[in-house]
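Structural features, examined
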Amino acid sequence: MRRRLLACALVVTNLLSFSPASINLAAAHNRPLATTTATLPGGAEAAAQTGVSKASANVPAPEDVLGFRPGDDRKLASWSSIVDYFRQLDAASDRVKFEELGKTTLNAPFVLATISAPENLARLGEYKDIQRQLADPRTLGKDADRKAQELIKRGKTIVLITCGIHSTEVGSYLSSTLIAHRLASSNDPEIANILRETIVLLVPSLNPDGVDIVKRWYDRTLGTPYEGTSPPELYHKYIGHDNNRDWYIFSQRETQLTVDKIHNVWHPQIVHDIHQQGADGARLFVPPYMKPVEPNVPAKIVEGYTELGKHIATELRAAGFKGITYDSTYDAWTPARAYSHYHGGVRILSETASARIATPITLKFEDLRPDEGFDPRKESVNFGPLWPGGEWHLRDITNYMTNGAFALLRHAAQNRERWLTRFHEIGKEAIRVRPNGEVFAYVIPPSQLAAQRLRDNELIHVLQRGGVEVDDAERFTVEGVAYPNGTAIIRMEQPYGNFAKALLERQRYPDLRDEAGNPQSPYDVTAHTLPLLMGVNVKSISAPFKYRRSGARVFNDAEPPLSNARLALYKSHVPSMDEGWTRWILEQHNFANSPLVDKDVRAGNLRAKHDTIIIPDHSPRAIFEGYRKDTMPEELTGGLGETGVRALREFVEGGGTLVCLNKASEFAIAQLKLPVRDITEGVPRTEFFVPGSILRTELDTAHPLAKGMPKESIAWVEDSPVFEVSDPNEASRVRVVARYPANADPLLSGWLLGGDKLKSKAALVEVTMGKGRVVLFGFRPQYRAQSLATYPLLFNAISAPAK
């Protein structure tokens, strides 16, 4: 899981140990294009990137506006130039409608290009209405099947193409211009058919801010030993790579714009999400996804992405593209990456091998590395033909991306009625009456506590943003239980009931092992049960019942926590998504804080300026060592080092509070010589494994850190330490605030191996040190803006004074 994430986020390698000489770059800036592009059969590059007729010569090509051909080595476009290009396309072509949907986190334009035949663009309202009715067959009334068939005959396949969510994966946003240009300018018969039978919704970048963050860094380091490295900052202001883990919590502005103004308006049958992956595996991944598939994903969605993904692989292989895999590496478990799977549309993830940003690399065949489900050095049922190694350029990346996109669009156009029929059948299945034994509805009884009502409303708001219908009911009784006025009811027989069910029920991730008995890591995490994470009382009811609706629910803004603590948040030059999430949550809850970088810590005198310092989840090595010498500019290397550790020790001993989250606790234990140890250190994965799950904890509610909390709580555990006292002579310095239960299964949702090792062990401890204290979290209390249930533990750690 972590290895693949880093491969995408850092493109090729972890710069903590990277040597610029370890990959052979095509060093000359004016080096000609790789021969791999020239040898594609049938002019595949030209097929995907030109096709311009004389009649459409007035439509600008990308190079006319950007100043270079997208795919050229060492050339990146700014976001303003991408926006300018699409505006010029809109002005020059009657096939393109370009619009700004809103502003990004950093106030850049967030944009959408709608591309289709002119006669389709003139009737967009009609096609939106067709989609709305097919998505919710309840709207069809009597004779619904006949009406649906008429709509299917008139409707178009709606294809949403999303690019550039991960900004170091630069081929994606650049390819958006190539795809748009061909659709806007070509008069080829296949393009005419695509335009006639589909409506293409093209988002050039889901993260426009990151386009410029990456370009600025790439241009700054061009021609230096650091060329092709990832920026020493998150490429989304707050959450970096995790912006593609936000598709059910909807925390960020870009996610909200995409869901509110595209997904929920158009209900696309196909979402093509264009990404890049690590350099040393397959050249391209397309679906089907490897197991497991989240059980609430409809069977027809699985059928659809399997059919379409294999079609793309077959077409590209026939055109001479090599190194293509499916049914490997990526799963379809979490809704955090697959909003469309619960909203009637297939998600076609494509992952093309990376270069070093826009800098070419050379890979030997023997340097290719296996991943889950395939070996790139061996042909197999789900991988091939072999890629022999050699140079790999940005042009190769854009060729795979554009050809893959047009293979998808051809299938969408040629099978229009099939796609619309499948879409309608998914809607019909969603609204069917649930028999006894199946979940009929979930209910959320109202609370008398203001803090609880806020959490209840937050969960309901998430569901409603995802298109889920939530009713407020008058008093009713079901299964012998009386529910009061204002109880929220989420029925399953509605178009997006499966989305609600996936988020409300507990997950039981399958125990998957390899041939040696080692657990197979999920692609991301294994649990997404929002009632547990948010601390909301949700009950499932498996028998039909009747109720009367009451008034609309009122959403109140959260009361801001009050804290006078002078708070600092440590920010490593090695970007940490958890730092970004923590910063976002602190801002949302009105905790004033200042960033604290390595040089600030090393300068010492911290107690004079700060009462509390938070070190977010990060590897101990990254915190202590940072980027290693010669891997990045000198001012960015070194980490905290011994000088920084000494300054932190003086800060705590002088009365400060040091709060460490998850793996950062391991750093504090080792460097501050705390009388605590992690019992999981060195334990093999076959004996203990918890890859992103929700576990049960018990709190010492008499301790100030647990003020206002219930005795039973949860912990989001993911590669997390588990604590016990290591020195009995120092036990008086350690206070356990949260521990795992002695006599109950700690697993609430997800996957856990070796749960017995956790019994009675500590998940949260406070260690006194001089006049101050170190608070060690063995979990992420603010996990991805979801774990509202444990926010108070973090907020109390910030606010409660050291004793």
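Note that the structure is predicted; figures quoted are calculated from it, not measured.

**Looking at the overall build of the protein**
For the protein, the count of helices and strands is 24 helices and 32 strands. The C-alpha radius of gyration of the protein comes to 27 Å, within 12% of the 28 Å expected for a compact globule of 803 residues. Referenced to the eigenvectors of the C-alpha coordinate spread, the extents of the protein come out at roughly 85 × 70 × 50 Å. Counting only residues that meet the buried cut, the protein has 62% of its 803 residues in that class. For the protein, restricting intrachain contacts to residue pairs at least 6 apart in sequence, the fraction spanning at least 24 positions comes to 81%. Between the mean site of the 96 positive side-chain charges and the mean site of the 95 negative ones, the protein shows a separation of 2 Å.

**Quick look at the pairing of strand 22 (residues 593-596)**
Working note: regular strand, side chains alternate between the two faces of the sheet. Pairing between strand 21 (residues 567-570) and strand 22: four bridges, direction parallel. Each bridged residue has a counterpart across the sheet, and for Y570 the counterpart in strand 22 is L596. Taken together, strand 21, helix 19 (residues 577-588) and strand 22 form a β-α-β motif whose crossover is right-handed.

**Thoughts on the nonpolar core**
Within the largest apolar cluster, 194 residues are counted, with the highest numbers of intra-cluster contacts made by L183 and I490. Apart from residues no more than four positions distant in its own chain, L183 is found in contact with R95, I115, I191, I194, L195, V200, F406 and L409. Grouped together as the second largest cluster of nonpolar side chains are 32 residues, L640, A647, I669 and L672 included.

**Some thoughts on unusual backbone geometry**
The step from K291 to P292 runs through a cis peptide bond, and the omega angle for that step is 10°. Tracing the chain through its elements places P292 in strand 8 (residues 290-293). In this chain, G384 is followed by P385 through a cis amide linkage whose omega measures -15°. Note on placement: P385 falls in the loop between strand 13 (383-384) and strand 14 (389-392).

**Description of the packing of aromatic side chains**
Overall, the coordinates contain 26 aromatic pairs when judged by the stated rule. Consider the rings of F285 and Y330, whose centres lie 4.7 Å apart with planes at 50°: the pair is tilted. With a gap of 45 residues between them, F285 in strand 7 (residues 284-285) and Y330 in the loop between strand 9 (324-325) and strand 10 (331-332) connect regions that are remote in the sequence. The buried category is assigned to F285, whose relative accessible area is 0%.

**Topic: the environment of G755**
The residue G755 is located in the loop between strand 30 (747-749) and strand 31 (762-769) in this model. Remark: the alpha-carbon pair of G755 and D511, spanning 244 residues in sequence, is separated by 14 Å.

**Some remarks on the sheet that holds strand 15 (residues 441-444)**
If you walk across this open sheet you meet the four strands as 16-19-15-20, and the pairing is antiparallel. For this open sheet the edge positions go to strand 16 (471-473) and strand 20 (539-541), each flanked by a neighbour on one side alone. Looking at each pair of strands side by side, their axes are set apart by 35° on average, direction ignored. As defined by bridge partners, strand 15 adjoins strand 19 (residues 487-491) across four bridges and the pair is classed as antiparallel. Bridging across to strand 19, V443 finds its partner in I489.

**Looking at the pattern of salt bridges**
Opposite charge on two side chains allows them to pair when their charged atoms are near. Scanning all chains against the criterion turns up 54 salt bridges. The salt bridge partner of E469 is R138, with a shortest N-O separation of 2.4 Å. On the criterion of sequence distance, the pair formed by E469 in the loop between helix 16 (450-465) and strand 16 and R138 in the loop between helix 7 (124-135) and helix 8 (144-154) is long-range, its members being 331 residues apart. The partly exposed category is assigned to R138, whose relative accessible area is 36%. Between K663 and D617 there is a salt bridge, with its nearest N and O atoms 3.3 Å apart. Of this pair, K663 sits in the loop between strand 24 (657-661) and helix 23 (664-671) while D617 sits in the loop between strand 23 (612-615) and helix 21 (620-625), and the two are 46 residues apart along the sequence. Residues K663 and D617 agree in their burial class; the two are buried. Residues joined in a network through salt bridges with shared partners are R182, D188, E190, E315 and R410.

**Examining the sheet that holds strand 5 (residues 198-203)**
Taken in spatial order, the nine strands line up as 2-3-5-4-6-11-7-9-13 in an open sheet, and their pairing is mixed. Each edge of the open sheet is held by one strand with a lone partner, namely strand 2 (96-103) and strand 13. Of the strands in this sheet, strand 2, strand 3 (109-115), strand 4 (157-163), strand 5 and strand 6 (270-277) are in contact with helix 12 (residues 253-266), which crosses strand 2 at around 135°.

**Some thoughts on the side chain of T790**
Of note, T790 is situated in the loop between strand 32 (772-777) and helix 24 (791-799). A polar atom in the side chain of T790 sits 2.8 Å from the backbone oxygen of P781. Discounting residues that sit within four places of it in the chain, T790 has contacts with M709, S713, I714, F779 and P781.

**Observations concerning helix 22 (residues 641-653)**
With 13 residues, helix 22 extends 19 Å between its outermost C-alpha atoms, agreeing within 8% with the 18 Å of an ideal straight helix rising 1.5 Å per residue. Positive phi shows up at G655, right after helix 22, with a value of about 110°.

**Some words on the side chain of D331**
By secondary structure assignment, the location of D331 is in strand 10. Accessibility expressed as a relative area gives 4% for D331, which makes it buried. A polar contact is formed between the side chain of D331 and the backbone nitrogen of W333, at a distance of 3.2 Å. Looking at D331, its side chain comes within polar contact range of the main-chain nitrogen of Y523, at 3.0 Å. Setting aside chain neighbours within four positions, we find D331 in contact with Y289, M290, K291, P292, R337, Y509, P522 and Y523.

**Here's the deal with the confidence of the model for the protein**
Summing up the model confidence of the protein, the mean pLDDT is 92 and the portion of residues at 70 or higher is 91%. Within the model, the stretch residues 1-55 combines pLDDT values under 50 with 147 contacts to residues more than four positions away or in other chains.

**Some points on the packing of helix 9 (residues 171-185) against helix 14 (residues 394-414)**
Put simply, helix 9 and helix 14 touch, their axes get as near as 9 Å, and they point 50° apart. With respect to helix 14, the axis of helix 9 lies oblique. Relative to helix 14, helix 9 is oriented so that their crossing is right-handed. Contact with helix 9, carried on its side by G171, S172, L174, S175, L178, I179, R182 and L183, involves L394, I397, T398, M401, T402, A405, F406 and L409 of helix 14 and no other residues of that element.

**Topic: the environment of V725**
For V725, the position within the fold is in strand 28 (residues 723-725). When the C-alpha positions of V725 and T526 are compared, they lie 30 Å apart, and in sequence the two are 199 residues distant. The residues touching V725, leaving out its near neighbours within four places in the chain, are P675, V676, A731 and V734.

**Things to note about the environment of R735**
Looking at the secondary structure, you find R735 in strand 29 (residues 734-739). Accessibility expressed as a relative area gives 35% for R735, which makes it partly exposed. Separated by 32 residues in the primary sequence, R735 and H703 place their C-alpha atoms 8.8 Å from one another. Beyond its immediate stretch of four places on either side in the chain, R735 contacts D700, A702, H703, L764, V765 and E766.

**Comments concerning helix 19**
Along its twelve residues, helix 19 runs 16 Å from first to last C-alpha, staying within 8% of the 16 Å computed at 1.5 Å per residue. When you tally the buried positions in helix 19, you get ten out of twelve residues, the bulk of the element. Looking at helix 19, one finds that the buried residues are M577, D578, E579, G580, W581, T582, R583, W584, I585 and L586. Where helix 19 begins, the side chain of S576 points an oxygen toward the backbone nitrogen of D578, at a separation of 3.3 Å.

About the thresholds
- Residues numbered from 1 in each chain as written.
- Predicted model: local features only at pLDDT ≥ 70, side-chain atom pairs only at ≥ 80, totals over all residues.
- Heavy atoms only, no water.
- Helix = DSSP H or I, 4+ residues; strand = E, 2+ residues; numbered from the N terminus.
- Rg over C-alpha atoms; globule rule 2.2 N^0.38 Å.
- Buried < 20%, exposed > 50% of the residue type's maximum accessible area, 1.4 Å probe, protein only.
- Contact = heavy atoms within 4.5 Å.
- Lys, Arg positive; Asp, Glu negative; His and termini not counted.
- Charge placed at Lys NZ, Arg CZ, Asp CG, Glu CD.
- Pairing = 2+ DSSP bridges.
- Right-handed = clockwise from strand over helix to strand, strands pointing away.
- Core = buried A, V, L, I, M, F, W, Y, C linked by side-chain atoms within 4.5 Å.
- Phe/Tyr/Trp six-rings, centres within 6.5 Å; stacked < 30°, edge-to-face > 60°.
- Axes fitted to C-alpha atoms, helices over the stretch in contact; angles between N-to-C directions.
- Salt bridge = Lys/Arg side-chain N within 4 Å of Asp/Glu carboxyl O.
- Polar contact = N/O pair within 3.5 Å; in protein donor to acceptor, adjacent residues only side chain to side chain.
- Expected span 1.5 Å × (residues − 1).
- pLDDT = per-residue confidence, 0-100.
- Parallel < 35°, antiparallel > 145°, perpendicular 65-115°, else oblique.
- Left-handed = near helix turned anticlockwise from the far one by under 90°.

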